[in-house]
Amino acid sequence: MVVMSSYIVRFVNARIGYNEPIIKEITLNIPRPSLTTILGPNGSGKTTLLRAIIKYARIFGGYAYIDGKSIDEIPIRDLPKYVSYSPAEIYSQMSLTVLDIVTSSRNGEGWINKDDAVAVLKYLGINNIASKRFDELSTGQKRLVLIARALASKASLLLLDEPTSNLDLSNKYRVILTLRRIVNDKGITVIATGHDIDLALISDWVIAIRNGDIMAMGVPGDIINSKILSELYDIDVEVLEINGHRLIYVHNEFMND
Ligand SMILES: Nc1ncnc2c1ncn2[C@@H]1O[C@H](COP(=O)(O)OP(=O)(O)OP(=O)(O)O)[C@@H](O)[C@H]1O
């Protein structure tokens, strides 16, 4: 049964893991459309949470829904109709081009066709690298290609694992602003994991996860503060507000506090 909901993803008392549960009984809602960021220390369960949505991680108990439909009831072959997942890295051992990478993914009807792939590359302003070898691109270019691949699936939910990791400041902002733009333009939901407070600040919804448990969830203004970040990362973080912008400062013994 499909229950229409203003949430694209819901977990209710869900326990998630692989051979055994890693994520405790979590209950969370992800609004649609939204740019949602999942923050948390290494190993806290961010990737596992994304993998539960694509049925790669196992749900041991509780309930999980995409688009109001129980994930249990969605056969794996139908998942591309709902969701596109992009891992943190993809390693292409063959000489695949950017266009090959984008068309090597499935949408709800089959493989992504070349016209759709080219249209998305143009939309993201990277059509000039369509015939370049993927494995010869910079990390920043690779990240944009993975976003293009997800977007070309036409799914209304894109799961991006660590889309801003290992990027310089300018490339990181290019990715962050691209994600913000695609959510605004297309009315889709992007759920991104990572360690990027700047991405969280520009998001609509932030989920802070620690030791497989939800520590806090809400709009960035309620989550990106000294108390929550200090507890989340177990260090003395101060969030300063300057000209309406939040800046992160970590107290330490080598700087004059
Ligand atoms: N395929 C797997 N089988 C069993 N355990 C796994 C598997 N993948 C991850 N884990 C374990 O699940 C826990 C959570 O890992 P996960 O990758 O979800 O964390 P994360 O928050 O995404 O971490 P990071 O920020 O380092 O990427 C870790 O203890 C990890 O060792």
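Just so we're clear, the structure is a prediction, and the values are computed from it rather than from any experiment.

Attention shifts here to the pairing of strand S3 (residues 35-39). With respect to burial, S3 is a largely interior element, 5 of its 5 residues being buried. Side chains of S3 alternate between two faces, with Leu35, Thr37 and Leu39 and Thr36 and Ile38 buried alike. One ladder, built from 5 bridges, connects S3 with strand S8 (residues 189-194); its direction is parallel. Residue pairing across strands places leucine 35 opposite valine 190, the latter belonging to S8. Relative to strand S9 (residues 205-210), S3 runs parallel, the two being bridged by 4 bridges. Counted as the bridge partner of threonine 37 is valine 206 from S9.

Residue arginine 32 is joined to proline 33 through a cis peptide bond whose omega torsion reads -10°. Within the element layout of this structure, proline 33 appears in the loop between strand S2 (21-31) and S3. We note that glutamate 162 has phi near 50°; this positive angle belongs to a residue other than glycine. Note on placement: glutamate 162 falls in the loop between strand S7 (157-160) and helix H6 (169-186). Assessed through its relative accessible area of 21%, glutamate 162 is described here as partly exposed. Unlike most non-glycine residues, asparagine 166 shows phi in positive territory, near 60°. Along the chain, asparagine 166 falls in the loop between S7 and H6.

A few words now on the side chain of serine 105. Looking at the element boundaries, serine 105 is found in the loop between helix H3 (98-103) and helix H4 (114-123). What makes serine 105 buried here is its relative accessible area of 12%. Once you skip the residues sitting within four places of it in the chain, serine 105 turns out to touch Gly110, Trp111, Ile112 and Arg149.

Secondary-structure assignment places asparagine 107 in the loop between H3 and H4. The buried category is assigned to asparagine 107, whose relative accessible area is 9%. Polar side-chain contacts of asparagine 107 include one of 2.8 Å to the backbone nitrogen of glutamate 109. In contact with asparagine 107, not counting residues within four places along its chain, are Pro80, Ile112 and Ser153.

Glancing now at the site of the ligand. The immediate surroundings of the ligand are formed by 13 residues, with Asn42, Gly43, Lys46, Thr47 and Thr48 found nearest. Within the contact set of the ligand, an oxygen atom lies 2.9 Å away from a side-chain nitrogen or oxygen of asparagine 42. Within the contact set of the ligand, an oxygen atom lies 2.8 Å away from a backbone nitrogen or oxygen of glycine 43. Here the ligand, which alone exposes 630 Å², has 61% of that area covered by the protein. At 4 residues, helix H1 (residues 46-53) tops the list of elements feeding residues into the shell around the ligand. The residue inventory of the shell around the ligand, partitioned by class, reads 3 nonpolar, 7 polar and 3 charged.

Domain parsing of the chain yields domain 1 (7-224) and domain 2 (225-257). Every contact between the two is made by 16 residues of domain 1 and, on the other side, 10 residues of domain 2. Each partner contributes to the roughly 1,100 Å² buried at the junction of domain 1 and domain 2, and carbon and sulfur atoms together form 65% of this total. On the domain 1 side of the interface with domain 2, the three residues burying the most area are Arg210, Met215 and Ile224, jointly 42% of the side's total. Applying the counting criterion to the domain 1 and domain 2 interface returns 0 salt bridges. Along the contact surface separating domain 1 from domain 2 lie 6 residue pairs in polar contact (both at pLDDT 80 or more). At the level of secondary structure, the elements contributing two or more residues to the side of domain 1 that touches domain 2 comprise helix H7 (197-202), S9, strand S10 (213-218) and helix H8 (220-223).

Definitions and limits used
- Note on numbering: residues in each chain are counted from 1, in written sequence order.
- Local features in this predicted model are restricted to residues whose pLDDT is 70 or higher, and side-chain atom pairs enter the listing and the counts only when it is 80 or higher, whereas totals over whole chains, interfaces and linings include all residues.
- Hydrogens are left out, water is left out, and the side-chain values use all remaining heavy atoms of the structure.
- Residue exposure (1.4 Å probe, protein chains only): buried if accessible area is under 20% of the type maximum, exposed if over 50%, otherwise partly exposed.
- Helix and strand labels come from DSSP, where a helix needs a run of H or I of at least four residues and a strand needs a run of E of at least two; each type is numbered from the N terminus.
- When DSSP finds at least two bridges between two strands, those strands are taken to pair.
- Contacts: residue pairs with any heavy atoms within 4.5 Å of one another.
- A 3.5 Å cut-off defines polar contacts: any pair of N or O atoms within that distance qualifies, except that in protein one atom must be a possible hydrogen donor and the other a possible acceptor, and neighbouring residues in sequence count only when both atoms are side-chain atoms.
- Proximity is defined per residue: any heavy atom of the residue falling within 4 Å of a molecule or strand makes that residue near it.
- Here the open area of atoms and residues is found with the Shrake-Rupley method and a 1.4 Å probe, where only the protein chains shown may cover a residue.
- Only Asp, Glu, Lys and Arg are considered charged in this grouping, and only Ala, Val, Leu, Ile, Met, Phe, Trp, Tyr, Cys and Pro are considered nonpolar; every other residue, Gly among them, is considered polar.
- For the domains described, the bounds stem from an automatic or database domain assignment.
- Accessible area that two parts lose when put together, with a 1.4 Å probe and added across both, is what the buried area reports.
- A side-chain nitrogen of Lys or Arg and a carboxyl oxygen of Asp or Glu constitute a salt bridge if their distance falls within 4 Å.

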